[in-house]
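Here is what each chain is made of, one letter per residue.
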Amino acid sequence: MHANPGDLDLLISLWTGARASVRWKVVSERRLYSDEWLDIRMADVELPGGRHLAHRWIRTPPGAGVVAIDGADRVLLIWRHRFITDSWGWEIPIGKIEEGEAPIQAAAREFEEETGWQAGQLRHLIDVQPTPGLTNSEHHIYSTHEATHVGRPVDGFESERVEWVPLSGVCSLIEKRDIVSGTTLVALLYILSKAPPR
C-alpha cells in the first residue's frame, strides 16, 4: 500500500498540531541559586489547557567526551566512584566545555586529562541530553580509532583506573550495573548498534 501526497500532508499536519498542543510554555523564571557549575531556576510554566506549574530546573555548562576504540575492538574507559549515588562504574572520559572552547577541543582535552591518552582524529558521534526533565545539560560525544599513550592522567583523582575494555563485554557490564552512567550507556550502545564488535 502506498500513501498519496495528500495523505502525507495530512499526517504531517496532524503530527505538527499534536506537538503544538502538548508544548509547555515558559512564562517567566527567576534564579534561586547560581555558581560556576550550575544555575538553579524556578520557572512559571503554562501547560496545555492553560494550567500553570512552578517547575524547578537547572542550567549547567555543556560537556564533551570521547569514545576511543582500538584495533582489537576495545574501548578506553575509566573506573570511578560517584559520591552522589555512592556507586562505582565504568564511564567514557567526559567533562565540562570551558568558556570559548569548541566541543571537539574540550573532548580532546578532557580525554587526555582523564586518561593519559591523546586522541587521534575525532569524529562527531552523538549528542545526549541525559536528564531533560530537570536540566538543560547536553553532552557532545566524539569517537576516535586512534589514541597514543602520553603519560599518567593529569586528573588522577577522577578515577581508580583506566583500562581498554572489550566492546563485546559491554552488555555484560551493563547487566552487572558496572555501567550505569546515562551518557556512557547511550554512547556505547549507539556504537554497538552501528557496528557490533567482531
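Computed from a predicted model, the values in this text were never measured in an experiment.

Visitor: Got a minute to help me understand the overall build of the protein chain in this structure?
Guide: Within the protein chain, the regular secondary structure consists of four helices and twelve strands. Here the protein chain holds 198 residues, and 35% of them are scored as buried. A separation threshold of at least 6 residues defines the contact pool for the protein chain, and within that pool the share at least 24 residues apart is 58%. Counting only carbon and sulfur atoms, one obtains 55% of the accessible surface of the protein chain, whose full area is about 12,300 Å².

Visitor: Sorry if this is basic, but what is going on with the environment of His 139 here?
Guide: Position of His 139 among the secondary structure elements: in strand 10 (residues 139-144). Placed 43 residues apart in sequence, His 139 and Lys 96 show a C-alpha to C-alpha distance of 8.9 Å. Ignoring sequence-local partners within four residues, the contact set of His 139 consists of Gly 63, Ile 94, Ile 126, Asp 127, Val 128, Pro 130 and Thr 183. There is a polar contact of 3.3 Å between the side chain of His 139 and the side chain of Ser 137. Polar side-chain contacts of His 139 include one of 2.6 Å to the side chain of Thr 183.

Visitor: Explain helix 2 (residues 103-115) here, please?
Guide: One full turn of an α-helix is made of 3.6 residues, so residues set three or four places apart face in the same direction. If you check helix 2, its first and last C-alpha atoms are 18 Å apart, about what 13 residues at 1.5 Å a residue would give, namely 18 Å. Those residues of helix 2 that sit buried are Ala 106, Ala 107, Glu 110, Phe 111, Glu 114 and Thr 115. Down the axis, helix 2 shows its buried residues gathered within 130° of arc, on one side only.

Visitor: Explain the sheet that holds strand 12 (residues 161-166) here, please?
Guide: Spatial strand order, 6-5-12: three strands in an open sheet with antiparallel pairing. Of all the strands in the sheet, just strand 6 (87-91) and strand 12 have a single pairing partner and so form its edges. With strand direction ignored, the average angle separating the axes of adjacent strands in the sheet is 35°. Packed on one face of the sheet, helix 2 meets strand 5 (74-82) and strand 12 and runs near 70° to strand 5.

Visitor: Just checking my understanding: could you explain the packing of aromatic side chains for this structure?
Guide: Note on aromatic pairs: each is described by the distance of the centres and the angle between the planes. Under the counting rule described, the total for this entry stands at three aromatic pairs. For the pair Trp 79 and Trp 88, a centre-to-centre distance of 6.1 Å together with 15° between the ring planes defines the contact as stacked. Trp 79 sits in the buried class, given a relative accessible area of 12%. For Trp 88, a relative accessible area of 40% translates into the label partly exposed. On the numbers, 5.3 Å between centres and 85° between planes, the contact of Trp 117 with Trp 164 is edge-to-face. Of this pair, Trp 117 sits in strand 8 (residues 117-119) while Trp 164 sits in strand 12, placing them 47 residues apart in sequence. In this structure Trp 117 comes out as buried when scored by relative accessible area, which is 19%. Taken together, the aromatic side chains of Trp 79, Trp 88 and Trp 90 make up a single cluster linked through ring pairs.

How each quantity is defined
- Residues numbered from 1 in each chain as written.
- Predicted model: local features only at pLDDT ≥ 70, side-chain atom pairs only at ≥ 80, totals over all residues.
- Heavy atoms only, no water.
- Helix = DSSP H or I, 4+ residues; strand = E, 2+ residues; numbered from the N terminus.
- Buried < 20%, exposed > 50% of the residue type's maximum accessible area, 1.4 Å probe, protein only.
- Contact = heavy atoms within 4.5 Å.
- Areas by Shrake-Rupley, 256 points an atom, 1.4 Å probe, with all protein chains shown as cover.
- Polar contact = N/O pair within 3.5 Å; in protein donor to acceptor, adjacent residues only side chain to side chain.
- Expected span 1.5 Å × (residues − 1).
- Arc of directions from axis to C-beta.
- Pairing = 2+ DSSP bridges.
- Axes fitted to C-alpha atoms, helices over the stretch in contact; angles between N-to-C directions.
- Phe/Tyr/Trp six-rings, centres within 6.5 Å; stacked < 30°, edge-to-face > 60°.

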